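# Close look at the chain arrangement
Below are the chains, spelled out letter by letter.
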Amino acid sequence: MSSASNSLEVQQAFAEYDRRVIINNVKVGCWIGMSLMPAGVILDYFVYREEVAYFFKLRLLCSLLIAIFWIVVDSSIGRRHSRILGVVLAMFPSFFISWMIFITEGAQSPYYAGLNLVLLVIGFVLYWTLVESLIAVSMVMLMYIVACALHGYISTLAFANNLYFLALTGVIVVTGSFVHSRWRFREFALRYELDKSKKTLEEQNTALETANRQIKEAESQLVQAEKLASLGRMSAGIIHEINNPLNFVKTGLYTLKNKGKHLAPEQQADYADIVKDVEDGFNRVMNIVSSLRGFTHHDDEMREKFLVADLVEASLRFVSHEWSNTIRLEKHLLAGQTFYANKNKLIQVCLNLLENSLDALKAKQFAEG
């Protein structure tokens, strides 16, 4: 038997399991005893007809005592002393059969065979250990010897014959109980280790699934971080290339505004609208450049106060090229609501949410299309 089978943990688990099995089997033994003892009146009628009434009372008394014992078995006392229950149960029919032997023919009585049946039935129904088997067999044989001795006359041949077969039955019961108890423990230990390994494997599989899910989430975050990093790298070149033309545009706008004063009054209104449109476009480009500069030159620890609306607008500008005609965005923002935090980090959070939402909508459209 492996060292794992002999571990204290396995032994304790087997003891608890064995206790439940023993109690259930003792209950079965009680039902067998309560049923078979009264049924023996049929044998009494043919063997000791003059004692039928008396023997029937003894059999009913034995069944009654077994019924009371069944109640004890099901109590807290029985659960605490489960190992001794089987031995005690065997004593009830053994005592009454020995009493019948005593008041009839002693060693000449054929009822000694009933003691063999007690040992065999109880030995097969209950799970006895070596010690319990020895105690039970010894007690049964002692009862038989005392019954024959008290009867007063012992036929040496009959007594030796009966005692010999009782002893053989006892050897069979003791040996079988010993082998069976070892086999039961070995089987339980193997099953216990198998269940334990299965549980460990299930826990490892669960941990592996969790790790795989975390890896996928990390990969998704890395992809998004790489997108933002690429955007930052491109921003530096874009800002440099755009800033110079913007300076010229700004100077030109200033000049155009001044030139408009010299136009005819009827032309100034149209001219001012055109300059205003150009200035609005210029300011929009400046906002985009400012947002890109935030990704290229940002301080992760810097906090500032800013409007939530500005945060949303800055985030939307970076993904505006990904809108499709089938996607509509609605903004419901409280006027004047502000944050005090690192703006760039919050923009990155908003971008992640927007990118994930766009990817999900595109996937849904592709599936439906």
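Refer to the structure printed above.
A brief look at the structure comes next.

This paragraph deals with the nonpolar core. Formed by 45 residues in total, the largest nonpolar core has its most connected members in V26, F69, L89, I101 and Y144. Those elements that place two or more of their residues in this core are α1 (8–39), α3 (52–73), α5 (82–103), α6 (112–125), α7 (130–151) and α8 (156–259). Counting residues per element, this core draws most heavily on α5, at 10 residues. Sequence-distant contacts of F69, defined by excluding residues within four places in its chain, comprise V26, C30, L85, V88, L89 and F92.

Looking now at the environment of P110. For P110, the location among the structural elements is in the loop between α5 and α6. Here P110 falls in the partly exposed class, since its relative accessible area comes to 43%. Through-space distance from the C-alpha of P110 to that of V47 is 8.9 Å; in sequence the pair is 63 residues apart. When sequence neighbours within four positions are dropped, the list of residues in contact with P110 reads V47, Y48 and E105.

For the rest of this paragraph, the subject is the layout of surface pockets. A volume near 470 Å³ is recorded for the largest pocket. Lining the largest pocket we find 21 residues, and of these L36, M37, I97, G114 and L117 sit closest to its centre. Only α1, α3, α5 and α6 provide two or more residues apiece to the lining of the largest pocket. At 6 residues, the largest contribution of residues to the lining of the largest pocket is made by α6. Taken together, the residues of the lining of the largest pocket break down into 16 nonpolar, 4 polar and 1 charged.

This model, assessed by the stated rule, comprises 4 salt bridges. Between K196 and E9 there is a salt bridge whose closest N-O contact spans 3.1 Å. Of this pair, K196 sits in helix α8 while E9 sits in helix α1, placing them 187 residues apart in sequence. A salt bridge links R19 to E16, with the nearest nitrogen and oxygen atoms 2.7 Å apart. Taken together, the positions of R19 and E16, both in helix α1 and 3 residues apart, correspond to about one turn of that helix.

How each quantity is defined
- Residues numbered from 1 in each chain as written.
- Predicted model: local features only at pLDDT ≥ 70, side-chain atom pairs only at ≥ 80, totals over all residues.
- Heavy atoms only, no water.
- Core = buried A, V, L, I, M, F, W, Y, C linked by side-chain atoms within 4.5 Å.
- Buried < 20%, exposed > 50% of the residue type's maximum accessible area, 1.4 Å probe, protein only.
- Helix = DSSP H or I, 4+ residues; strand = E, 2+ residues; numbered from the N terminus.
- Contact = heavy atoms within 4.5 Å.
- 1 Å grid on protein atoms, 1.4 Å probe; cavity = no way out; pocket = protein on both sides within 12 Å on 5 of 7 lines; lining within 4 Å.
- Points joined across faces, edges and corners; volume = space filled by probe spheres on them.
- Nonpolar A, V, L, I, M, F, W, Y, C, P; charged D, E, K, R; others polar.
- Salt bridge = Lys/Arg side-chain N within 4 Å of Asp/Glu carboxyl O.

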